[in-house]
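# Per-entry structural report
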Amino acid sequence: MTTAAPGAVGSFSLDGQDVPYQAGDTIMAAATRAGHYIPHLCWHPDFAPHGSCRLCTVKVDGRAGAACTVRAATGQAVQSDTAELNAQRKTLLQMLFVEGNHFCPSCEKSGNCRLQATAYQMGMEGPHFEEFYPNRPVDASHPDLLLDFNRCILCELCVRASALVDGKNVFAIGGHGIGTHLLVNSDSGQLGDTNMALADRAASICPVGVILPKRRGFAIPIGQRQFDLAPISQPAPTREDGAS
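Residues numbered from 1 in each chain as written. Predicted model: local features only at pLDDT ≥ 70, side-chain atom pairs only at ≥ 80, totals over all residues. Heavy atoms only, no water.

## Structural notes on empty space enclosed by the protein
Counting across every chain of the model gives two cavities of 30 Å³ or more. The volume enclosed by the largest cavity comes to roughly 100 Å³. Lining the largest cavity are 14 residues; nearest its centre among them are His102, Cys104, Cys107, Cys113 and Arg151. In terms of residue class, the lining of the largest cavity is built from seven nonpolar, five polar and two charged. Together, Cys152, Ile153, Leu154, Cys155, Glu156, Cys158, Leu182, Cys206, Pro207, Val208, Val210 and Ile211 line the second largest cavity. (1 Å grid on protein atoms, 1.4 Å probe; cavity = no way out; pocket = protein on both sides within 12 Å on 5 of 7 lines; lining within 4 Å. Points joined across faces, edges and corners; volume = space filled by probe spheres on them. Nonpolar A, V, L, I, M, F, W, Y, C, P; charged D, E, K, R; others polar.)

What follows is the structure, encoded as structure tokens:
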């Protein structure tokens, strides 16, 4: 039984456990605050729900809904950690891996990547589907940041962070269907021709390895990174050197 938090206006059941919620909470927000893990990629507590990745789909009183968009209500019976839902999540993850070029062993984000960590959590054995191997560029035009479009999962977190926090609108999403892709808002389409800075919120919010700081590669060794130390479903332990 979860102890009611200050400000709680009611509670719902998540996989048989009582979860308190505050006015305006979504199921995801309330569950995360209470220490429960619901798989997700595009949701971030600092931004309004987006509902694009669908990994957080749960059953609410028997009906499917995105935990990041469905409002919490007293008495709801929410199911998340079920064989059916986890199988669906595994399939969605497999699709994300084949739609981009995700070569985890050579990626600087390995061990800190939410896509990789979620795939481990869901027991994803391999991509399963035929890989697309899209022809996507790497943009090294910025003095402090590298863009590797091969890894983009279209979560739009960088788009939202740049517009709502940084006030710069550096990024956008363009195209349709399988051709949907991340865009840089400059005449040349290059990041170096924008006013983006290393300290911008958009520079650090990417859950995968698209936006990377230059000259910092592998500063934290593989094996000592956030999801190396603990699975994504658990809080990461504090490293002795203070890094997270």
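Text resumes after the structure shown.
## With respect to the pairing of strand β2 (residues 17-22)
As judged from the six bridges shared by strand β1 (residues 8-14) and β2, these two strands associate in the antiparallel manner. By the bridge assignment, Ser11 is partnered in β2 with Pro20. Joining the antiparallel neighbours β1 and β2 is a turn of two residues, in which Asp15 adopts a positive phi near 50 degrees. (Pairing = 2+ DSSP bridges. Helix = DSSP H or I, 4+ residues; strand = E, 2+ residues; numbered from the N terminus.)

## Some remarks on the side chain of Asn101
When you line up the elements, Asn101 lands in the loop between α2 (83-99) and α3 (114-121). Classification of Asn101 as buried rests on a relative accessible area of 8%. Among the polar contacts listed, one links the side chain of Asn101 to the backbone oxygen of Pro134, at a separation of 2.8 Å. Among the polar contacts made by the side chain of Asn101, one reaches the side chain of Asn150 at a distance of 2.5 Å. (Buried < 20%, exposed > 50% of the residue type's maximum accessible area, 1.4 Å probe, protein only. Polar contact = N/O pair within 3.5 Å; in protein donor to acceptor, adjacent residues only side chain to side chain.)

## Observations concerning the sheet that holds strand β7 (residues 145-148)
What the three strands build is an open sheet, ordered β6-β7-β10; its pairing is antiparallel. Because the sheet does not close on itself, it has two edges, and the strands there are β6 (138-139) and β10 (211-213). Relative to β10, β7 runs antiparallel, the two being bridged by three bridges. When the bridges of β10 are listed, Leu146 appears paired with Leu212.

## As for the side chain of Arg160
Summarising the element assignment, Arg160 is placed in helix α4 (residues 157-166). Put simply, Arg160 is tucked away with no salt bridge, and the nearest opposite charge, on Glu156, sits 5.5 Å away. There is a polar contact of 3.0 Å between the side chain of Arg160 and the backbone oxygen of Cys155. Arg160 has contacts with Cys42, Phe47, Ala48, Pro49, His50, Cys155 and Val165, leaving out every residue within four places of it along the chain. (Lys, Arg positive; Asp, Glu negative; His and termini not counted. Salt bridge = Lys/Arg side-chain N within 4 Å of Asp/Glu carboxyl O. Contact = heavy atoms within 4.5 Å.)

What is shown is where atoms sit, not what they do.
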